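Listed here are the chains, written in short residue letters.
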Amino acid sequence: MPELKTTPLHSRHVAAGALMSPFAGFDMPIQYSSIEEEHKAVRTACGVFDVSHMGEVNVSGPAAEAFVNYIFSNDITGAPIGQVFYGMMLNGSGGVVDDLLVYKRAADSFLLVINASNIAKDVAWIESHADGFDVEIDNLSDQLAEIALQGPESETVMSEVLGINVADLKFYTFREELLDGRHILVSRTGYTGEDGFEIYGPADAIASYWDALMESGRVKPCGLGCRDTLRFEVGLPLYGNELTDDITPVEACLSMFVKTDKSDFIGRQAIVDQKAAGPARKLVGLRMEGRAIPRHGYEVTDTEGNVIGVVTTGYRGISLDESIAAALIATELTAKDTRVMVRIRNKVWPATVTSRKFYNKSYKK
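Residues numbered from 1 in each chain as written. Predicted model: local features only at pLDDT ≥ 70, side-chain atom pairs only at ≥ 80, totals over all residues. Heavy atoms only, no water.

1. Here we look at the pattern of salt bridges
Stage number 1. Under the defined criterion, the tally for this structure stands at 23 salt bridges.
Stage number 2. Glu155 is the salt-bridge partner of Arg188, the closest N and O atoms lying 2.6 Å from each other. With a gap of 33 residues between them, Arg188 in the loop between strand E11 (182–187) and strand E12 (196–201) and Glu155 in helix H5 (residues 154–160) connect regions that are remote in the sequence.
Stage number 3. Overall, the relative accessible area of 1% leaves Arg188 in the buried class.
Stage number 4. A salt bridge links Arg231 to Asp228; the nearest nitrogen and oxygen atoms lie 2.8 Å apart. Of the two residues, Arg231 and Asp228 both sit in helix H7 (residues 224–233), three residues apart, roughly one turn of that helix. (Salt bridge = Lys/Arg side-chain N within 4 Å of Asp/Glu carboxyl O. Helix = DSSP H or I, 4+ residues; strand = E, 2+ residues; numbered from the N terminus. Buried < 20%, exposed > 50% of the residue type's maximum accessible area, 1.4 Å probe, protein only.)

2. Here's the deal with the packing of aromatic side chains
Stage number 1. The tally for this structure, following the rule as stated, stands at nine aromatic pairs.
Stage number 2. With a centroid separation of 5.8 Å and 50° between ring planes, the pair formed by Phe232 and Tyr315 is classed as tilted. Highlighted residues: Phe232 in helix H7 and Tyr315 in strand E16 (residues 307–316), separated in sequence by 83 residues.
Stage number 3. Tyr315 sits in the partly exposed class, given a relative accessible area of 21%.
Stage number 4. Taken together through their ring pairs, the aromatic side chains of Phe67, Tyr70 and Phe133 make up a single cluster.
Stage number 5. The positively charged end of Lys262 is found above the aromatic ring belonging to Phe265, 4.9 Å away from the centroid. (Phe/Tyr/Trp six-rings, centres within 6.5 Å; stacked < 30°, edge-to-face > 60°. Lys NZ or Arg CZ within 6 Å of the ring centre and 35° of its normal.)

3. Some words on the sheet that holds E12
Stage number 1. The strand order across the open sheet formed by six strands is E10-E11-E12-E9-E3-E13, and the pairing between neighbours is mixed. Edge strands, defined here as strands with exactly one partner in the open sheet, are strand E10 (174–179) and strand E13 (220–222). In this sheet, neighbouring strand axes are inclined to one another by 25° on average, regardless of whether the strands run parallel or antiparallel.
Stage number 2. Where strand E9 (residues 145–150) lies against E12, six bridges are found, and the strand directions are antiparallel. The residue of E12 that forms the bridge with Gln150 is Gly196.
Stage number 3. Sheet contacts for helix H2 (residues 35–44): strand E3 (47–50), E9 and E13; angle to E13, the most-contacted strand, approximately 120°. (Pairing = 2+ DSSP bridges. Axes fitted to C-alpha atoms, helices over the stretch in contact; angles between N-to-C directions. Contact = heavy atoms within 4.5 Å.)

4. Brief notes about the nonpolar core
Stage number 1. Among the nonpolar cores identified, the biggest contains 37 residues, and Phe49, Tyr86, Met88, Leu101, Tyr103, Val113 and Leu243 are the most heavily contacted of them.
Stage number 2. For this core, the secondary-structure elements that each account for two or more residues are strand E5 (84–90), strand E6 (96–106), strand E7 (109–114), H7 and strand E17 (323–330).
Stage number 3. For this core, the element with the highest residue contribution is E5, accounting for four residues.
Stage number 4. In this view, Leu101 contacts Val84, Phe85, Tyr86, Leu111, Leu112, Val113, Tyr172, Thr189 and Glu198; residues no more than four positions away in its chain are not counted. (Core = buried A, V, L, I, M, F, W, Y, C linked by side-chain atoms within 4.5 Å.)

In structure tokens form, the structure reads like this:
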């Protein structure tokens, strides 16, 4: 078994008594106090996450914009410097290689932030499609660390504790600056459904910010456990669950991030064809009756016991106190309020189809 990687903040997590566990090849904190307590801190105040395990790839050169548009489902054509885009890299069948953020750093430079579990795969895939494009591809994953401050008090904490003024940053924008002689990138982005910021920089800078936040007492350290419950409640997808190599953005109800009217990109024709024909399955939310908790991989059936799909994510909702799930099921049964069943161990439990967004996002627009 390969040795687990660690982030620059690893010793701090261990010293704080965090529950550590393998995740995407890294030894990562799952929780410090409890998932519920950390989840509520982000919803009501401010939490901070170590997300240094995420991957970063810079694409630069005269053909950088054309190349990124070719491998990315969203359209970055003519975007202003400082804009962030969400989208996907698709395979030829329309399945998702990865979902990612693209940061426009300059007219000829873009930072791609990819999932930790996919770094090696993604870098190889990006490089394999670069023939014919005048670009330079730099894998910066081992050079950059990252923390995410999330919650309604995050803007104030950024300013008063870290000395980073972010009041002018709009949602899905960023800027780069020198702070105490260290180059950092700060974006108004996150993965929780709350207002928040992500800071990228060298390990020493990110470690100093983490220490300052902990010493302030104004931020709760949060593990990956509540990062998952938070993103799930607001309907944000997780690669490997709601998106995979054989789940398309159309099936995952993310077509808005696939701009088929732009020039050709990898997977475009497959998406056009699927939208024209209609997908055989779609992602929905499920509200369970009772307290039984559905989990990833559990079968979903119709009321007669025929298997119609599978649960992608399931929890006892922390902000709602009810059992909820996302599931990929047959399109003909995706209408709101449709009754279905979820097989949990040796029993089946009734559920109702609903929206995938169980909790309203609180982004600052």
